[in-house]
Amino acid sequence: EITPSGEIDRQTITTDSFDIRGNALHQRIVKEYWNEGAFEFSEAQDITNTGYDIHDRVSESVILNYKNSTFSESSFSDMQDIKYISYDRWGNALSQTIDTYDSMTADTTKLVDHKVITNTYGDAIAARRGNATVSEVVRYNSLTESVDTQIDRTVTTTIHFDIRGNAIDQETKTYVLNSAKEEK
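This structure is a prediction, so every number in the text was calculated from the model and none was measured.

Cut-off values and rules
Residues numbered from 1 in each chain as written. Predicted model: local features only at pLDDT ≥ 70, side-chain atom pairs only at ≥ 80, totals over all residues. Heavy atoms only, no water. Buried < 20%, exposed > 50% of the residue type's maximum accessible area, 1.4 Å probe, protein only. Helix = DSSP H or I, 4+ residues; strand = E, 2+ residues; numbered from the N terminus. Pairing = 2+ DSSP bridges. Core = buried A, V, L, I, M, F, W, Y, C linked by side-chain atoms within 4.5 Å. Contact = heavy atoms within 4.5 Å. Phe/Tyr/Trp six-rings, centres within 6.5 Å; stacked < 30°, edge-to-face > 60°.

A. Structural detail: the pairing of strand E4 (residues 60-66). Along E4, five of the seven residues are buried, which leaves the element largely enclosed by surrounding structure. Bridging between strand E3 (residues 38-50) and E4 involves seven bridges; their strand directions are antiparallel. Within the sheet, the bridge partner assigned to Asp 46 lies in E4 and is Leu 64. Alignment of E4 against strand E5 (residues 76-87), held across seven bridges, turns out to be antiparallel. Counterpart to Ile 63 in the pairing with E5 is Gln 80.

Right, dumping it as structure tokens:
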């Protein structure tokens, strides 16, 4: 038996621009958490989506993250530019990149990291729920992808799914390059 215990968190999403098919082009999200009887600010995001395809899948999202809900330049935290390269038949991202910047624009001199993410969906039921069998994230300190710029590589493998496609057992391994440029 599940007994409700009250509030945990909430998010307020304000969408002020849509394309002709109803896809969100611009939205702001304010997230809050419940703390001792009241909601408190957690994070705020300003999101711009572009390049929807015929299946209403976005090709790029630019997310500006903020330290308070004023969305002011002084409360800016970082910017993520997410590019969705390919999807599977259920709309799951197979390949994507995420570039994080310390600036409000894609200024390569302010790049924090560049991630290349590849997802494999080997279980049909899990794939319908958006749960990958293997997810690989390779992080670089440059937009140039090479062993000279690689920070690390993380591989998360789901070993077991339940009958509904939820992950039960997962294993995550992170590899870094040694001075000989070999993964360890």
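B. Structural view of the nonpolar core. With nine residues, the main nonpolar core is built from Val 30, Ala 44, Leu 64, Tyr 66, Phe 71, Phe 76, Met 79, Tyr 101 and Leu 111. Elements that contribute at least two residues to this core include exactly E4 and E5. Look past the residues within four positions of Tyr 66 in its chain and what remains in contact with it is Phe 41, Glu 43, Ala 44, Asp 46, Phe 71, Ser 72, Ser 75, Phe 76, Ser 77 and Met 104.

C. Quick look at the environment of Arg 153. For Arg 153, the location among the structural elements is in strand E9 (residues 150-161). Residue class for Arg 153 comes out buried when judged on its relative accessible area of 18%. Arg 153 sits 106 residues away from Ile 47 along the chain, and the two C-alpha atoms are 27 Å apart. Setting aside residues no more than four positions away along its own chain, Arg 153 makes contact with Glu 136, Val 137, Val 138, Lys 173, Thr 174, Tyr 175 and Glu 183.

D. The packing of aromatic side chains, seen in detail. Counting across every chain of the model gives four aromatic pairs. For the pair Tyr 66 and Phe 71, a centre-to-centre distance of 5.3 Å together with 70 degrees between the ring planes defines the contact as edge-to-face. Here Tyr 66 matches Phe 71 in class, with each residue buried. Between Tyr 84 and Tyr 87, the aromatic rings sit 5.9 Å apart at their centres with planes inclined by 20 degrees, giving stacked as the arrangement. Of the residues examined, Tyr 84 reaches a relative accessible area of 21% and is grouped as partly exposed. Among the aromatic residues, those joined into a cluster by ring pairs are Tyr 66, Phe 71 and Phe 76.

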